[in-house]
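Below are the chains, spelled out letter by letter.
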Amino acid sequence: MLKALVIDAGKCTGCKQCEMACSYVKEGEFNVAKSRIRVFDFHTEARFVPYTCTQCAEAWCQQACPVNAITTNADGIKIVHENLCVGCKVCTIACPFGTVNYNASTGKVIKCDLCLGSPACADACPTGAITFRDSEQAGFDKMRVWATQAAHGTTTQGPNTPAAKG
Amino acid sequence: MNYVVLGAGPAGVTAAETLRSVDKNASITLIGGDGNEPPYSRMAIPYFIYGKIGEDGTHLRQENGHYDKLGIRFLNARAGGVDTKAKRLHLSGADTLPYDKLLIATGASPIIPRMAGANLDGVETCWTLDDSREILKHADRGAPVVLVGAGFIGSIILEALYLRGCKITVVELAPRMVARMMDETAGGMLGRWCRKKGVDVRVNTKVNGIRQGSDAPGAKLTVDLSDGAAIPASLVVLAVGVRSNIGFLVGSGIATNVGIKVDQFLRTSAPDVYAAGDCCEGLDLSTGKPDMLAIQPVAVEHGRIAALNMAGRPTPHLGSLNMNVLDTMGLISSSFGLWQGAPLGRTAKLIDEDKFKYLKLEFEGDRLVGAQCVGLTDHVGMLRGLIQTGLKLGIWRDRLLEAPERLREAYIAVAQGKPGFGPAQPHVNTPVPKVA
């Protein structure tokens, strides 16, 4: 069964432990600017929204990559292959969620890969705002279907979209 | 079913793969037109030129035997014409290939400006792998290079030449760099950035001609400019634009304009002939009108949609969003949709000339319809998200007019809905074009 990162922004206190954990695990440094998950701060409303890649079915980033440096693994995770990424940044403008970013220090792009199955952000979150759960249990697929249906004229099938999982 | 896909760029390869994914038994032939090269990405060539990747790093698919495994017959040949009545494709030599359904995805080619010396040795375009091999012969560290054209492609080549350590002069006819991608402010910033990096950028300048011979050490050519300068060069790179590869269709009865004319299903005027990518004029999402948007994501979109239609799964193409991203020696810029602004629309601007930062948002009513960025890269895809979904910004339109830097907040607020709503996935739709 596919698991998904479930974000409940209502529980987020803005402590940014998720950003620290992500940048430490992925970059070996505590630098929130290089975190794959970001907490957006709505100053005026005193609310915080953790935000990262949803591993969307359309895989816009993967479709846009000119050298096939982004692929989808058996768990539906979209992975950037650093050895193939040329740093052209087309995926950063193609991802309509804005969750692929360019890392100038490596000249490659970075995105969330769910730590390949045990996301550090979810482990680090002290309030349960970020959890990693069976997607069915989380209602994630249902939500995804809903979101897709709400979108006029969109299909969930891209050229490199993995076959539907049972 | 016998599918023939003419052209093995991103559009053709995506189409062949999509055809296979929906039709396990069909015969699929994919025809490349570039010597003996496997399908590769022109976009990756600049990275090959400055040594970030090897030649194989430019390949569209890396896995050995990828096409064989999918049962896609790949061959290289040039097309000489299409007999749309007999449904046969004429190839180089005397070969002809019958088809049940044909996709034309022949891409585009660089325009060679009419000027003296354009055919001299050391005057190159930068479009194919072969071009890049030629460029490498003349582009050593310190070599004087003249780059003709500072559009999007020219500017990408500029970075590759800069990173090779060439001594570069850029000659651009327009009053600014990337004139078809960004406005005066952004183009001006790019120009200033380049000069700061030691690149001699000359806008409003024309190349009168190129001559053999030069007195300067290491140079063998001289480039005469309209401003009176005579610039020595070991290499001249021409990047003044591209045009659709449609010449072989003369007499085929397939209707063309700047590119091949297609309908919403990417059908050409001939039965069972489709077109995709740079060679055709697909719908522009922003204008609702046909246009040749020669960018990678559009080619892939066309390729997939054309293939589905060829395979009998009617899938309308509702329009592609024009967008570009550019790295000019470390200064990253991007533009989306109606970056020139909408008639009667409103504009939000954030300019920091000293720090080379610029953000400009274009609204029509309370929707975002276009954007430009310089020096800003984090979450820029959200701009595409907002433009393509056409989501109403509501109160966030005025907030953005006041403070465009709140873009990310606006996106989350508008696309994600209310807090505590759970994992509401931001969704993307493709609005129906405004004008048919």
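Keep in mind that what you see is a predicted model, and the values were worked out from it rather than measured. (Residues numbered from 1 in each chain as written. Chains lettered and ligands numbered in written order. Predicted model: local features only at pLDDT ≥ 70, side-chain atom pairs only at ≥ 80, totals over all residues.)

## Focus: the sheet that holds strand S23 (residues 331–337) of chain B
Residues and elements named next belong to chain B. In space, the five strands of this open sheet follow the order S22-S23-S26-S25-S24, with antiparallel pairing throughout. The sheet is open, and its two edges are formed by strand S22 (323–328) and strand S24 (346–352), each paired on a single side. Averaged over all pairs of adjacent strands, the angle between their axes in this sheet comes to 10°, without regard to strand direction. Pairing between strand S25 (residues 357–364) and strand S26 (residues 367–374): seven bridges, direction antiparallel. Looking at S26, one finds that Glu-364 is bridged to Arg-367. Its contacts with the sheet put helix H8 (residues 381–389) on S22, S23 and S26, and the angle it makes with S26 is roughly 160°. (Pairing = 2+ DSSP bridges. Helix = DSSP H or I, 4+ residues; strand = E, 2+ residues; numbered from the N terminus. Axes fitted to C-alpha atoms, helices over the stretch in contact; angles between N-to-C directions. Contact = placed C-beta atoms within 7 Å.)

## Section: the domain arrangement of chain B
Along its sequence, chain B is carved into domain 1 (2–110 + 242–310), domain 2 (123–238) and domain 3 (338–435). Placing a centre on the C-alpha atoms of domain 1 of chain B and another on those of domain 3 of chain B gives a separation of 33 Å. (Domains from an automatic or database assignment.)

## Overview of unusual backbone geometry
All names here are of chain B. Positive phi, close to 60°, is recorded for Leu-266, a residue that is not glycine. Looking at the element boundaries, Leu-266 is found in the loop between strand S18 (260–261) and strand S19 (273–275). Overall, Leu-266 belongs to the buried group, with 31 C-beta atoms counted inside 10 Å. You will see that Asp-272, though not glycine, has its phi angle at about 60°, which is positive. With respect to the helices and strands, Asp-272 occurs in the loop between S18 and S19. (Buried ≥ 20, exposed ≤ 12 C-beta atoms within 10 Å, placed from the backbone.)

## Quick notes on the confidence of the model for chain A
For chain A, mean pLDDT is 81; residues scoring 70 or higher make up 80% of the total. Overall, residues 139–166 of chain A carries pLDDT values under 50, and its contacts beyond four positions in sequence, including any with other chains, amount to 53 contacts. (pLDDT = per-residue confidence, 0-100.)

## Quick look at the packing of helix H1 (residues 10–22) of chain B against helix H7 (residues 296–310) of chain B
Residue and element names in this part refer to chain B. For the pair H1 and H7, interaxial distance at closest approach is 7 Å and the crossing angle is 35°. The way H1 lies across H7 gives a crossing that is right-handed. Contacts from Pro-10, Ala-11, Gly-12, Thr-14, Ala-15, Thr-18, Leu-19 and Val-22 of H1 reach H7 at Gln-296, Ala-299, Val-300, His-302, Gly-303, Arg-304, Ala-306, Ala-307, Leu-308 and Met-310. (Left-handed = near helix turned anticlockwise from the far one by under 90°.)

## Looking at the nonpolar core
Among the nonpolar cores identified, the biggest contains 189 residues, and Val-5, Leu-103, Leu-147, Val-236, Val-237 and Ala-276 of chain B are the most heavily contacted of them. Discounting residues that sit within four places of it in the chain, Val-236 of chain B has contacts with Gly-122, Val-123, Val-146, Val-148, Ile-210, Leu-221 and Val-223 of chain B. (Core = buried A, V, L, I, M, F, W, Y, C linked by C-beta atoms within 7 Å.)

## Some remarks on the sheet that holds S19 of chain B
Strand-to-strand pairing in sheets goes through backbone hydrogen bonds, with the strands running parallel or antiparallel. Residue and element names in this part refer to chain B. Pairing in this open sheet of five strands is parallel, and the strands run S3-S2-S1-S7-S19 from one edge to the other. Here the strands that pair on one side only, and so sit at the sheet edges, are strand S3 (72–76) and S19. Shown here is a sheet whose adjacent strand axes are inclined to one another by a mean of 20°, direction ignored. Where strand S1 (residues 2–6) lies against strand S2 (residues 27–32), five bridges are found, and the strand directions are parallel. Bridging across to S2, Asn-2 finds its partner in Ser-27. Contacts between H1 and the sheet are confined to S1, S2, S3 and strand S7 (101–104), with S2 contributing the most and set at about 170° to the helix.

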